[in-house]
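Close look at the chain arrangement
Below, each chain spelled out in residue letters.
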Amino acid sequence: QVQLVESGGGLVQAGDSLRLSCAASGRTFSSYGMGWFRQAPGKEREFVAAISWSGGITYYVDSVKGRFTISRDNAKNTVYLQMNSLKPEDTAVYYCAAASLGLRYHSYDYDYWGQGTQVTVSS
């Protein structure tokens, strides 16, 4: 019912910024909790950020607090991840995901996933 397509990844230097976008299709996008996850080489997929359907509640993993901001524009069926002060340890494939039950922060609670977009941060 929901299809997700990420964009905005790329190669940047430490300290730079990127904004990832996730375009969603589906009639009930606004009712889904949305999240961003990432997976670095040799590591499990980890939670990065999540946002409620209203945009009023957000969660972040400690390592990105103060640097990353998740937001959504339901009118445009799009969720964003603004990433500032990027560090080499942020290098990963970033995935957008949608949870039909609302705000979630475990990967197994998400119903739909995008294909991922690569973010590489050099020193």
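All of the points below concern the structure found in this document. Small disclaimer: the values here were computed from a predicted structure and weren't measured.

**Description of the pattern of salt bridges**
The tally for this structure, following the rule as stated, stands at four salt bridges. Residues arginine 38 and glutamate 46 are paired through a salt bridge, measuring 2.6 Å at the closest nitrogen-oxygen approach. Under the relative-accessibility criterion, arginine 38 is labelled buried at 5%. Residue aspartate 90 pairs with arginine 38 through a salt bridge whose shortest N-O separation is 3.0 Å.

**Looking at the environment of alanine 24**
With respect to the helices and strands, the residue alanine 24 is situated in strand S3 (residues 18-25). For the pair alanine 24 and cysteine 96, spaced 72 residues apart in the sequence, the C-alpha separation amounts to 9.6 Å.

**Concerning the state of the cysteines**
If you walk through the whole model with that rule in mind, you get one disulfide. Across a sulfur-sulfur distance of 2.1 Å, cysteine 22 and cysteine 96 are joined as a disulfide pair. The disulfide joining cysteine 22 to cysteine 96 has a torsion of about -80 degrees about its S-S bond and is therefore left-handed. With cysteine 22 in strand S3 and cysteine 96 in strand S9 (residues 92-99), this residue pair connects regions lying 74 residues apart in the sequence.

**A short note on the nonpolar core**
In terms of nonpolar packing, the biggest core is built from 27 residues, with Met34, Trp36, Leu81, Met83 and Tyr94 touching the most fellow members. Residue assignment for this core shows that the elements contributing at least two residues are S3, strand S4 (33-39), strand S5 (46-51), strand S7 (68-73), strand S8 (78-83), S9 and strand S11 (117-122). In terms of nonpolar packing, the next biggest core, distinct from the first, is built from seven residues, Phe47, Ala99, Leu103 and Tyr110 among them.

**Thoughts on the pairing of S5**
Looking along a regular strand, one sees the side chains alternate between the two faces of the sheet. Most of S5 sits inside the fold, with five of its six residues counted as buried. Alignment of S4 against S5, held across five bridges, turns out to be antiparallel. Bridge pairing in S5 links tryptophan 36 to alanine 49. What sits between S4 and S5 in their antiparallel hairpin is a turn of six residues, with glycine 42 showing a positive phi close to 80 degrees. Hairpin remark: S5 followed by strand S6 (residues 58-60), antiparallel, with six residues in the connecting loop; positive phi at glycine 55, about 80 degrees.

The rules behind these values
Residues numbered from 1 in each chain as written. Predicted model: local features only at pLDDT ≥ 70, side-chain atom pairs only at ≥ 80, totals over all residues. Heavy atoms only, no water. Salt bridge = Lys/Arg side-chain N within 4 Å of Asp/Glu carboxyl O. Buried < 20%, exposed > 50% of the residue type's maximum accessible area, 1.4 Å probe, protein only. Helix = DSSP H or I, 4+ residues; strand = E, 2+ residues; numbered from the N terminus. Disulfide = S-S within 2.5 Å. Core = buried A, V, L, I, M, F, W, Y, C linked by side-chain atoms within 4.5 Å. Pairing = 2+ DSSP bridges.

Taken by themselves, the reported measurements are silent on function.
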